[in-house]
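Coordinate analysis (summary)
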Amino acid sequence: MGNIYELEHVYKTYRNDGKEFTALKDVSLSVEEGEIFGIIGMSGAGKSTLVRTLNRLEEVSDGKVLYYGKDLAELKASELRKVRHSISMIFQGFNLLLQRTVIENVEEPLRIAGVPRKKRKEKAREMLKIVGLEEKETVYPARLSGGQKQRVAIARALAADPKVLLCDEATSALDPKITGEILELLKRINEERKITIIIITHEMSVVEKICDRVAIIENGVLAEVGNVREVFSSPKSDAAKKLVFPSNPFEPTNTESRLIRIVFDGTRASEPFIANLVEKTGKKVSIISANTRSVGGIGYGQMVLELPDNEGDQESIIEFFSKSGLVVSEVTKYE
Ligand code: ADP
């Protein structure tokens, strides 16, 4: 499948009262049709700005946003309207119309598009069924829980039969259990309806759970982009390392010793790496910390180890782990 989006050297500079602020700097990336693409970064990194360039809610200051190969900036008003109809969005705050019932909310984009009443009711009912809220048709949003409100927003987003669904911190206001349910729903929608999904989040767990690929953005700059498993098992940029590995509170006990991190995937979690090291090389290490996490349903483990003082020993231990197929990296302090 081809690319739904291609961003080429995108810059965005805000100008207010003579002050300038560049929120996106030279961002280039592509999103493949059918994938779930995550954009992660800390607050203020530029994620919302980036997502708003994807439907031209935000004009770029330089560079191009291509949607199915077409430069969004070049579209005529009528073309832009059509394109926007194929791009749905959901938000952290749900953005439901509070004076309208659930089904009226779902009908809204169809009403705007001029779909006749009977047809749009039918469509809205179908969408409510997908999100599991067919019983709530006549209820007003105030009577719904946060998770239910987001389901209504998702039904409304789907009603337009979009090609892509943009999710801007869509689960940030929800507790972990409800977040999990909404993410499962999004995954099912992606698989069954072949809708490309772009998820903006500051939460690692969201990306780990459902994204195929992820872009890490820091201070308006794209720090890293790649397959979620690769980025999370061997992050290359400092921004990615900061997100993936909690900052390490330990320091080597003396100036000669060294700390390394080994990362292994869950299929090998039962292998006794440390015991093997001792058996094969006679060298010992101290385990400083260890933990596991799940990325796309696959467990990953990581350990921070302190190596002995001798440089030759350090090299042979690192070589042993590398040859065993583990990702080995030096632990540096990130903060
Ligand atoms: P994120 O979504 O990652 O939290 P945003 O894209 O909302 O980040 O914001 C990125 C940066 O751009 C922030 O420093 C923010 O203050 C600034 N910014 C966002 N919108 C505007 C605006 N309309 N005018 C000026 N600065 C803005």
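The rules behind these values
Residues numbered from 1 in each chain as written. Predicted model: local features only at pLDDT ≥ 70, side-chain atom pairs only at ≥ 80, totals over all residues. Heavy atoms only, no water. Helix = DSSP H or I, 4+ residues; strand = E, 2+ residues; numbered from the N terminus. Contact = heavy atoms within 4.5 Å. Areas by Shrake-Rupley, 256 points an atom, 1.4 Å probe, with all protein chains shown as cover. Lys, Arg positive; Asp, Glu negative; His and termini not counted. Charge placed at Lys NZ, Arg CZ, Asp CG, Glu CD. Domains from an automatic or database assignment. Buried area = accessible area lost by both parts, 1.4 Å probe. Polar contact = N/O pair within 3.5 Å; in protein donor to acceptor, adjacent residues only side chain to side chain. Near = heavy atom within 4 Å. Nonpolar A, V, L, I, M, F, W, Y, C, P; charged D, E, K, R; others polar. Buried < 20%, exposed > 50% of the residue type's maximum accessible area, 1.4 Å probe, protein only. Pairing = 2+ DSSP bridges. 1 Å grid on protein atoms, 1.4 Å probe; cavity = no way out; pocket = protein on both sides within 12 Å on 5 of 7 lines; lining within 4 Å. Points joined across faces, edges and corners; volume = space filled by probe spheres on them.

Further remarks concern the overall build of the chain. Assigned secondary structure in the chain consists of 11 helices and 14 strands. Pairs at least 24 residues apart make up 69% of the contacts formed inside the chain by residues separated by at least 6 positions. Accessible surface for the chain amounts to roughly 16800 Å². Of this, 48% is attributable to carbon and sulfur atoms. Computed over 49 positive and 50 negative side-chain charges, the inter-centroid distance for the chain is 8 Å.

As a further point, take the domain arrangement of the chain. Interface extent is often summarised as the accessible area lost during association of the parts. If you check the domain split of the chain, you get domain 1 (3–242) and domain 2 (245–330). One C-alpha centre belongs to domain 1, the other to domain 2, and the line joining them spans 38 Å. In this assembly, 11 residues from domain 1 lie in contact with 9 residues from domain 2. Of the roughly 890 Å² buried where domain 1 meets domain 2, counting both sides, 54% is carbon and sulfur surface. Three residues stand out in domain 1 for area buried against domain 2, namely Glu208, Arg229 and Ser233, and they jointly supply 60% of the buried area on that side. For the pair domain 1 and domain 2, the interface holds 0 residue pairs in polar contact (both at pLDDT 80 or more). Where the side of domain 1 that touches domain 2 is concerned, the elements lending two or more residues are helix H7 (204–210), helix H8 (228–233) and helix H9 (238–244).

Turning our attention to the site of the ligand. Around the ligand, a shell composed of Tyr14, Asn16, Phe21, Ala23, Met42, Ser43, Gly44, Ala45, Gly46, Lys47, Ser48 and Thr49 is seen. Interatomic distance of 3.0 Å between a side-chain N/O atom of Asn16 and a nitrogen atom of the ligand. Residue Gly46 places a main-chain N or O atom 2.9 Å away from an oxygen atom belonging to the ligand. In isolation the ligand offers 560 Å² of accessible surface; the protein chains occlude 64% of this area. Contributing elements (two or more residues each) for the shell around the ligand: strand E1 (3–16), strand E2 (19–32) and helix H1 (47–53). Top contributing element to the shell around the ligand by residue count: H1, with 3 residues. Classifying every residue of the shell around the ligand by side-chain character gives 5 nonpolar, 6 polar and 1 charged.

Among the 8 residues that make up strand E11 (residues 258–265), 6 are buried, leaving the element largely enclosed by the rest of the structure. Relative to strand E14 (residues 327–330), E11 is paired through 4 bridges, and the arrangement is antiparallel. By the bridge assignment for E14, Ile262 is matched with Val328.

Here the focus is the pairing of strand E6 (residues 87–91). Most of E6 is tucked away: 4 of the 5 residues are buried. Inspection of the sheet shows E6 paired to strand E7 (residues 164–168) by 5 bridges, in the parallel sense. Bridge pairing in E7 links Ser88 to Leu165.

It is worth spelling out the layout of surface pockets at this point. Considered as a void within the structure, the largest pocket measures approximately 600 Å³ in volume. As for the largest pocket, its lining consists of 17 residues, of which Arg84, Ile87, Ser88, Met89 and Pro109 are closest to the centre. Secondary structure elements with two or more residues in the lining of the largest pocket: helix H2 (77–85), E6, helix H3 (102–112) and helix H5 (146–159). The element contributing the most residues to the lining of the largest pocket is E6, with 4 residues. When grouped by side-chain class, the residues that make up the lining of the largest pocket number 9 nonpolar, 4 polar and 4 charged.

Following the sequence through the fold, Gln314 ends up in helix H11 (residues 311–323). Exposure remark for Gln314: the relative accessible area of 3% places this residue in the buried category. Polar side-chain contacts of Gln314 include one of 3.4 Å to the side chain of Arg258. Apart from residues no more than four positions distant in its own chain, Gln314 is found in contact with Glu256, Ser257, Arg258, Leu307, Pro308 and Asp309.

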